[in-house]
Amino acid sequence: MSTERLLLISGDEVIMNSSAFLKLWPLRRTMIALCAFSLMVGALGCGDSETQLAEFKENGQYYMDQEQYEEAIIEFRNVLQIDPNDVEAHRNLAKAYFYTERAREGYWELSETVRLDPEDIDSRVQYTAITMAGGRFDEVLESADKIIELEPDNAPAHRFRGQALLALERTGEAEEAMKRAIEIEPENAAGHLALASLYQQSGEMDKSEAQVRESLEQDPMLRLSRLLPLRTVMTG
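Model, not experiment: these values are computed from the prediction.

J.: For this particular structure, what's the right way to read helix α10 (residues 205-218)?
T.: Think of an α-helix as turning once every 3.6 residues; residues three or four places apart then point the same way. With 14 residues, α10 extends 20 Å from end C-alpha to end C-alpha; this agrees with the ideal 20 Å at 1.5 Å per step. If you check which residues of α10 are buried, you get S208, E209, Q211, V212, S215 and L216. Buried residues along α10 cover an arc of 160° about the axis, so they all sit on one side. Seen from the buried face of α10, the exposed residues on the opposite side, beyond 90 degrees, are D206 and E217.

Shown next as C-alpha coordinates:
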(Lines give C-alpha, C1' and ligand atoms only; values in the text may rest on other atoms or scores of the structure.)
Protein backbone atom coordinates (compact mmCIF):
# COMPACT_ATOMS: atom_id res chain seq x y z
CA MET A 1 0.00 0.00 0.00
CA SER A 2 1.35 3.44 -0.90
CA THR A 3 2.44 5.76 1.86
CA GLU A 4 0.76 8.60 -0.08
CA ARG A 5 -2.44 8.09 1.83
CA LEU A 6 -4.46 9.15 4.83
CA LEU A 7 -5.04 6.67 7.65
CA LEU A 8 -8.31 7.25 9.46
CA ILE A 9 -7.65 6.38 13.14
CA SER A 10 -10.99 7.56 14.55
CA GLY A 11 -13.91 9.79 13.73
CA ASP A 12 -12.08 12.80 15.17
CA GLU A 13 -8.43 12.11 14.33
CA VAL A 14 -6.61 11.85 11.05
CA ILE A 15 -2.95 10.87 10.66
CA MET A 16 -1.62 12.54 7.53
CA ASN A 17 1.18 10.55 5.87
CA SER A 18 0.90 12.23 2.52
CA SER A 19 3.82 14.56 1.96
CA ALA A 20 1.85 16.30 -0.79
CA PHE A 21 -1.02 16.98 1.57
CA LEU A 22 1.35 18.22 4.26
CA LYS A 23 2.81 20.73 1.82
CA LEU A 24 -0.62 22.03 0.84
CA TRP A 25 -2.16 22.06 4.30
CA PRO A 26 -0.76 25.46 5.49
CA LEU A 27 -2.10 27.14 2.34
CA ARG A 28 -5.50 25.52 2.74
CA ARG A 29 -5.63 26.49 6.40
CA THR A 30 -4.85 30.12 5.49
CA MET A 31 -7.57 30.16 2.84
CA ILE A 32 -10.12 28.74 5.25
CA ALA A 33 -9.20 31.36 7.84
CA LEU A 34 -9.52 34.17 5.31
CA CYS A 35 -12.94 32.95 4.18
CA ALA A 36 -14.15 32.76 7.76
CA PHE A 37 -12.82 36.26 8.47
CA SER A 38 -14.53 37.67 5.36
CA LEU A 39 -17.86 36.16 6.37
CA MET A 40 -17.51 37.57 9.85
CA VAL A 41 -16.63 41.07 8.60
CA GLY A 42 -19.51 40.99 6.13
CA ALA A 43 -21.96 40.06 8.85
CA LEU A 44 -20.64 42.78 11.14
CA GLY A 45 -20.72 45.33 8.33
CA CYS A 46 -24.36 44.55 7.61
CA GLY A 47 -25.20 44.97 11.26
CA ASP A 48 -23.30 48.26 11.44
CA SER A 49 -25.16 49.62 8.39
CA GLU A 50 -28.51 48.80 9.91
CA THR A 51 -27.51 50.42 13.18
CA GLN A 52 -26.23 53.53 11.41
CA LEU A 53 -29.37 53.72 9.30
CA ALA A 54 -31.57 53.68 12.39
CA GLU A 55 -29.41 56.32 14.09
CA PHE A 56 -29.45 58.65 11.09
CA LYS A 57 -33.24 58.36 10.83
CA GLU A 58 -33.73 58.99 14.53
CA ASN A 59 -31.39 61.99 14.47
CA GLY A 60 -33.02 63.36 11.35
CA GLN A 61 -36.50 63.15 12.83
CA TYR A 62 -35.27 64.79 16.03
CA TYR A 63 -33.86 67.73 14.05
CA MET A 64 -37.07 68.02 12.03
CA ASP A 65 -39.08 68.20 15.25
CA GLN A 66 -36.70 70.87 16.54
CA GLU A 67 -36.96 72.78 13.24
CA GLN A 68 -33.21 72.43 12.75
CA TYR A 69 -33.57 71.72 9.07
CA GLU A 70 -29.95 72.02 7.96
CA GLU A 71 -28.96 69.37 10.49
CA ALA A 72 -31.90 67.21 9.42
CA ILE A 73 -30.76 67.43 5.80
CA ILE A 74 -27.34 66.06 6.74
CA GLU A 75 -28.86 63.12 8.60
CA PHE A 76 -31.33 62.15 5.90
CA ARG A 77 -28.68 62.45 3.21
CA ASN A 78 -26.64 60.02 5.27
CA VAL A 79 -29.63 57.66 5.21
CA LEU A 80 -29.68 57.80 1.40
CA GLN A 81 -25.97 57.01 1.26
CA ILE A 82 -26.87 53.65 2.80
CA ASP A 83 -30.30 53.15 1.20
CA PRO A 84 -30.96 55.39 -1.84
CA ASN A 85 -34.57 54.17 -2.02
CA ASP A 86 -35.60 55.04 1.51
CA VAL A 87 -38.84 56.88 0.76
CA GLU A 88 -39.18 58.40 4.22
CA ALA A 89 -35.75 60.02 3.88
CA HIS A 90 -36.74 61.52 0.51
CA ARG A 91 -40.04 62.73 1.99
CA ASN A 92 -38.35 64.43 4.93
CA LEU A 93 -35.62 65.90 2.75
CA ALA A 94 -38.29 67.49 0.55
CA LYS A 95 -39.83 69.17 3.60
CA ALA A 96 -36.47 70.30 4.94
CA TYR A 97 -35.38 71.75 1.61
CA PHE A 98 -38.61 73.70 1.22
CA TYR A 99 -38.33 75.03 4.77
CA THR A 100 -34.84 76.27 3.92
CA GLU A 101 -36.06 77.81 0.64
CA ARG A 102 -34.19 75.38 -1.59
CA ALA A 103 -37.05 74.75 -3.97
CA ARG A 104 -35.09 72.96 -6.68
CA GLU A 105 -33.76 70.32 -4.30
CA GLY A 106 -37.14 70.04 -2.58
CA TYR A 107 -38.93 69.45 -5.86
CA TRP A 108 -36.47 66.73 -6.85
CA GLU A 109 -36.97 65.00 -3.50
CA LEU A 110 -40.75 65.23 -3.96
CA SER A 111 -40.43 63.61 -7.38
CA GLU A 112 -38.42 60.78 -5.82
CA THR A 113 -41.02 60.43 -3.07
CA VAL A 114 -43.93 59.97 -5.48
CA ARG A 115 -41.83 57.67 -7.66
CA LEU A 116 -41.04 55.39 -4.74
CA ASP A 117 -44.46 55.71 -3.12
CA PRO A 118 -47.05 56.39 -5.85
CA GLU A 119 -49.89 56.23 -3.30
CA ASP A 120 -48.58 59.07 -1.13
CA ILE A 121 -51.38 61.48 -1.99
CA ASP A 122 -50.19 64.43 0.12
CA SER A 123 -46.76 64.42 -1.50
CA ARG A 124 -48.28 64.00 -4.95
CA VAL A 125 -50.59 66.99 -4.42
CA GLN A 126 -47.56 69.12 -3.49
CA TYR A 127 -45.63 67.77 -6.46
CA THR A 128 -48.55 68.56 -8.79
CA ALA A 129 -48.89 72.11 -7.46
CA ILE A 130 -45.21 72.86 -8.08
CA THR A 131 -45.33 71.20 -11.49
CA MET A 132 -48.31 73.42 -12.30
CA ALA A 133 -46.33 76.50 -11.30
CA GLY A 134 -43.56 75.33 -13.62
CA GLY A 135 -45.96 75.24 -16.57
CA ARG A 136 -45.59 71.54 -17.34
CA PHE A 137 -49.28 71.02 -17.96
CA ASP A 138 -49.15 67.54 -19.49
CA GLU A 139 -47.32 66.31 -16.39
CA VAL A 140 -49.91 68.05 -14.21
CA LEU A 141 -52.70 66.15 -15.95
CA GLU A 142 -50.89 62.85 -15.51
CA SER A 143 -50.25 63.47 -11.84
CA ALA A 144 -53.75 64.82 -11.13
CA ASP A 145 -55.30 61.80 -12.83
CA LYS A 146 -53.22 59.52 -10.61
CA ILE A 147 -54.50 61.32 -7.50
CA ILE A 148 -58.10 61.08 -8.69
CA GLU A 149 -57.61 57.40 -9.41
CA LEU A 150 -56.54 56.89 -5.79
CA GLU A 151 -58.96 59.40 -4.26
CA PRO A 152 -61.82 60.38 -6.59
CA ASP A 153 -63.03 63.22 -4.36
CA ASN A 154 -59.71 65.01 -4.04
CA ALA A 155 -60.67 68.61 -4.77
CA PRO A 156 -57.15 70.01 -5.35
CA ALA A 157 -56.51 67.33 -7.97
CA HIS A 158 -59.65 68.30 -9.88
CA ARG A 159 -58.70 71.96 -9.56
CA PHE A 160 -55.17 71.37 -10.86
CA ARG A 161 -56.61 69.29 -13.66
CA GLY A 162 -58.95 72.10 -14.62
CA GLN A 163 -56.20 74.71 -14.59
CA ALA A 164 -53.94 72.54 -16.73
CA LEU A 165 -56.74 71.86 -19.20
CA LEU A 166 -57.47 75.58 -19.41
CA ALA A 167 -53.81 76.30 -20.13
CA LEU A 168 -53.97 73.68 -22.90
CA GLU A 169 -57.04 75.47 -24.29
CA ARG A 170 -59.38 72.58 -23.52
CA THR A 171 -61.92 74.95 -22.00
CA GLY A 172 -64.94 72.65 -21.86
CA GLU A 173 -63.06 69.93 -20.00
CA ALA A 174 -61.46 72.56 -17.76
CA GLU A 175 -64.84 73.98 -16.73
CA GLU A 176 -66.12 70.51 -15.91
CA ALA A 177 -63.08 69.75 -13.75
CA MET A 178 -63.28 73.05 -11.88
CA LYS A 179 -66.98 72.64 -11.19
CA ARG A 180 -66.25 69.18 -9.82
CA ALA A 181 -63.67 70.71 -7.45
CA ILE A 182 -66.25 73.23 -6.22
CA GLU A 183 -68.83 70.50 -5.81
CA ILE A 184 -66.45 68.63 -3.50
CA GLU A 185 -65.26 71.73 -1.60
CA PRO A 186 -67.84 74.51 -2.04
CA GLU A 187 -66.25 76.50 0.80
CA ASN A 188 -62.84 76.64 -0.87
CA ALA A 189 -62.29 80.13 -2.26
CA ALA A 190 -59.48 78.97 -4.56
CA GLY A 191 -61.90 76.78 -6.49
CA HIS A 192 -64.23 79.69 -7.18
CA LEU A 193 -61.33 81.90 -8.22
CA ALA A 194 -60.09 79.27 -10.66
CA LEU A 195 -63.51 79.08 -12.27
CA ALA A 196 -63.73 82.87 -12.29
CA SER A 197 -60.47 82.99 -14.24
CA LEU A 198 -61.83 80.53 -16.77
CA TYR A 199 -64.97 82.61 -17.34
CA GLN A 200 -62.92 85.78 -17.58
CA GLN A 201 -60.75 84.25 -20.31
CA SER A 202 -63.89 83.10 -22.10
CA GLY A 203 -65.35 86.61 -21.99
CA GLU A 204 -68.19 85.58 -19.68
CA MET A 205 -67.75 88.43 -17.23
CA ASP A 206 -71.06 88.04 -15.39
CA LYS A 207 -70.22 84.42 -14.55
CA SER A 208 -66.67 85.41 -13.62
CA GLU A 209 -67.83 88.09 -11.19
CA ALA A 210 -70.39 85.72 -9.68
CA GLN A 211 -67.60 83.29 -8.86
CA VAL A 212 -65.45 86.10 -7.46
CA ARG A 213 -68.29 87.17 -5.18
CA GLU A 214 -68.70 83.57 -4.05
CA SER A 215 -65.01 83.40 -3.23
CA LEU A 216 -65.37 86.60 -1.17
CA GLU A 217 -68.14 85.04 0.85
CA GLN A 218 -65.86 82.13 1.65
CA ASP A 219 -62.80 84.29 2.37
CA PRO A 220 -63.43 88.04 2.87
CA MET A 221 -59.69 88.71 3.12
CA LEU A 222 -59.47 88.15 -0.62
CA ARG A 223 -60.62 91.77 -1.05
CA LEU A 224 -56.98 92.64 -0.44
CA SER A 225 -55.76 90.29 -3.13
CA ARG A 226 -54.60 91.31 -6.58
CA LEU A 227 -56.22 88.15 -7.88
CA LEU A 228 -59.64 89.82 -7.84
CA PRO A 229 -60.95 92.04 -10.64
CA LEU A 230 -60.76 95.66 -9.47
CA ARG A 231 -64.40 96.45 -10.37
CA THR A 232 -65.64 93.54 -8.26
CA VAL A 233 -63.58 94.56 -5.23
CA MET A 234 -64.77 98.18 -5.43
CA THR A 235 -68.45 97.36 -5.85
CA GLY A 236 -68.60 94.15 -3.82
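Having seen the model, we can carry on.
J.: What is the right way to look at unusual backbone geometry in this model?
T.: Leaving glycine aside, a negative phi is the common case for residues, and trans is the common case for peptide bonds. The phi dihedral of E67 is positive, around 60°, even though this residue is not glycine. Structurally, E67 is set in the loop between α1 (19-65) and α2 (69-82). In this structure E67 comes out as exposed when scored by relative accessible area, which is 58%. Even without being a glycine, E169 presents a positive backbone phi close to 65°. Tracing the backbone through its elements, the reader meets E169 in the loop between α7 (155-167) and α8 (171-184). The class for E169 is exposed, based on a relative accessible area of 71%.

J.: It is not clear to me how the packing of helix α5 (residues 121-133) against α7 should be interpreted in this structure. Could you clarify?
T.: When two helices pack together, their arrangement is given by the angle between the helix axes and by the axis-to-axis distance. Two elements in contact, α5 and α7, have axes whose closest approach is 10 Å; the angle formed by their N-to-C orientations is 20°. Between α5 and α7, the interaxial angle falls into the category roughly parallel. Considering how the two elements wind past one another, α5 and α7 form a crossing that is left-handed. The segment α5 lies against α7, with V125, T128, A129 and M132 engaging P156, F160, Q163 and A164.

J.: Mind showing me how you'd approach the packing of aromatic side chains here?
T.: Ring pairs (aromatic) are described by centroid distance and by the angle formed between their planes. A complete count under the given rule lists 3 aromatic pairs for this structure. Seen in terms of ring centroids, Y62 and Y63 are 5.6 Å apart; in terms of plane orientation they differ by 65°. Their pairing is edge-to-face. Take Y62: its relative accessible area is 47%, and that puts it in the partly exposed class. A ring pair is formed by Y107 and Y127, whose centres lie 5.2 Å apart and whose planes are at 10°; its orientation type is stacked. Of this pair, Y107 sits in helix α4 (residues 103-116) while Y127 sits in helix α5; the two residues are 20 residues apart in sequence, bridging distant segments of the chain. Here Y107 and Y127 have matching classes, each one buried.

Quick notes on the rules
- Residues numbered from 1 in each chain as written.
- Predicted model: local features only at pLDDT ≥ 70, side-chain atom pairs only at ≥ 80, totals over all residues.
- Heavy atoms only, no water.
- Helix = DSSP H or I, 4+ residues; strand = E, 2+ residues; numbered from the N terminus.
- Expected span 1.5 Å × (residues − 1).
- Buried < 20%, exposed > 50% of the residue type's maximum accessible area, 1.4 Å probe, protein only.
- Arc of directions from axis to C-beta.
- Axes fitted to C-alpha atoms, helices over the stretch in contact; angles between N-to-C directions.
- Parallel < 35°, antiparallel > 145°, perpendicular 65-115°, else oblique.
- Left-handed = near helix turned anticlockwise from the far one by under 90°.
- Contact = heavy atoms within 4.5 Å.
- Phe/Tyr/Trp six-rings, centres within 6.5 Å; stacked < 30°, edge-to-face > 60°.

Keep in mind that these numbers describe shape and distance, not what the molecule does.
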